[in-house]
Amino acid sequence: MAAARHTRGPVLEPSELERFEAVVLPHLSAAYRLARYLTRNDADADDVVQEACLRALKYFGGFRGQGASQSRAWLLTIVRNMAHTWRGRHRADASATEFDETLHSEARTENHPDMLARSDARDALAHALDHLPPDFREVIVLREIEGLSYKEISEVVDVPVGTVMSRLSRARKRLQDALIDSGKEL
């Protein structure tokens with residue numbers, strides 16, 4: 001019987017581990033938001049971010065970026081790639097929407113008509129975002145939610161800045177059309 005083979009991930013020196021934490025930890029919320037929009041599921045987003053962090057740890061020795069924007073772009077690139085890998089493996093499940101009682105509860109807004117209108121608009125926006133093609137959804141999330149510059153988005157999605165601008169323009173137009181069609185302009 002062959003002996004079990006144990007593989008260990010990269011072992012970082014304490015100073016490198018501190019540097020890794022300084023580079024990755026401040027951007028975990030952004031990583032999760034991107035993964036959530038790309039996978040459309042909380043549990044899958046958690047898995048994608050976890051896998052992305054493991055990959056980031058494995059290849060951290062090659063990261064030479066400095067500053068918050070470079071480290072954020074680096075981590076979001078890994079998250080994006082992991083989400084695309086995940087989507088390829090789980091394509092059949094990708095369109096399922098998770099039921100969230102706090103979002104779907106009638107009791108939450110029954111006594112507040114203005115809150116109901118805002119909730120409807122927010123739901124319409126979420127629905128419109130969910131129905132964008134993945135290439136459009138990711139640039140919208142990176143720009144409008146994460147606040148990345150066109151250059152940073154270009155680095156994350158690995159396309160020229162002009163392509164980012166074009167995708168953003170088309171994504172915004174599709175969102176606008178979808179919201180107008182639903183009667184829920186923001």
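Read on for an overview of the structure. In this text, all values refer to a predicted model and were calculated from it rather than measured experimentally.

Attention now goes to the packing of helix α2 (residues 28–39) against helix α3 (residues 42–58). Where α2 contacts α3, the two axes come as close as 8 Å, and the packing angle between them is 130 degrees. As far as their axial angle goes, α3 and α2 are oblique. Classified by chirality, the crossing of α3 by α2 is right-handed. Along its contact with α2, which presents Leu28, Ala31, Tyr32, Ala35, Arg36 and Thr39, the element α3 presents Asp42, Asp44, Ala45, Asp46, Val48, Val49 and Cys53.

Two aromatic rings are characterised by how far apart their centres lie and by the angle between their planes. Here the structure, examined in full by the defined rule, presents four aromatic pairs. Between Phe20 and Phe60, the aromatic rings sit 5.2 Å apart at their centres with planes inclined by 90 degrees, giving edge-to-face as the arrangement. A residue pair is termed long-range when its members are at least 10 positions apart, and Phe20 in helix α1 (residues 14–24) and Phe60 in the loop between α3 and α4 (68–89) qualify at 40 residues. The exposure class of Phe60 is buried, given its relative accessible area of 0%. Here a set of aromatic residues connected by ring pairs shows up, and it is made of Phe20, Phe60, Phe63 and Trp74. Sitting over the ring of Tyr150, Arg143 keeps its end group 4.7 Å from the ring centre.

About the cut-offs
Residues numbered from 1 in each chain as written. Predicted model: local features only at pLDDT ≥ 70, side-chain atom pairs only at ≥ 80, totals over all residues. Heavy atoms only, no water. Axes fitted to C-alpha atoms, helices over the stretch in contact; angles between N-to-C directions. Helix = DSSP H or I, 4+ residues; strand = E, 2+ residues; numbered from the N terminus. Parallel < 35°, antiparallel > 145°, perpendicular 65-115°, else oblique. Left-handed = near helix turned anticlockwise from the far one by under 90°. Contact = heavy atoms within 4.5 Å. Phe/Tyr/Trp six-rings, centres within 6.5 Å; stacked < 30°, edge-to-face > 60°. Buried < 20%, exposed > 50% of the residue type's maximum accessible area, 1.4 Å probe, protein only. Lys NZ or Arg CZ within 6 Å of the ring centre and 35° of its normal.

Keep in mind these numbers describe shape, not what the thing actually does.
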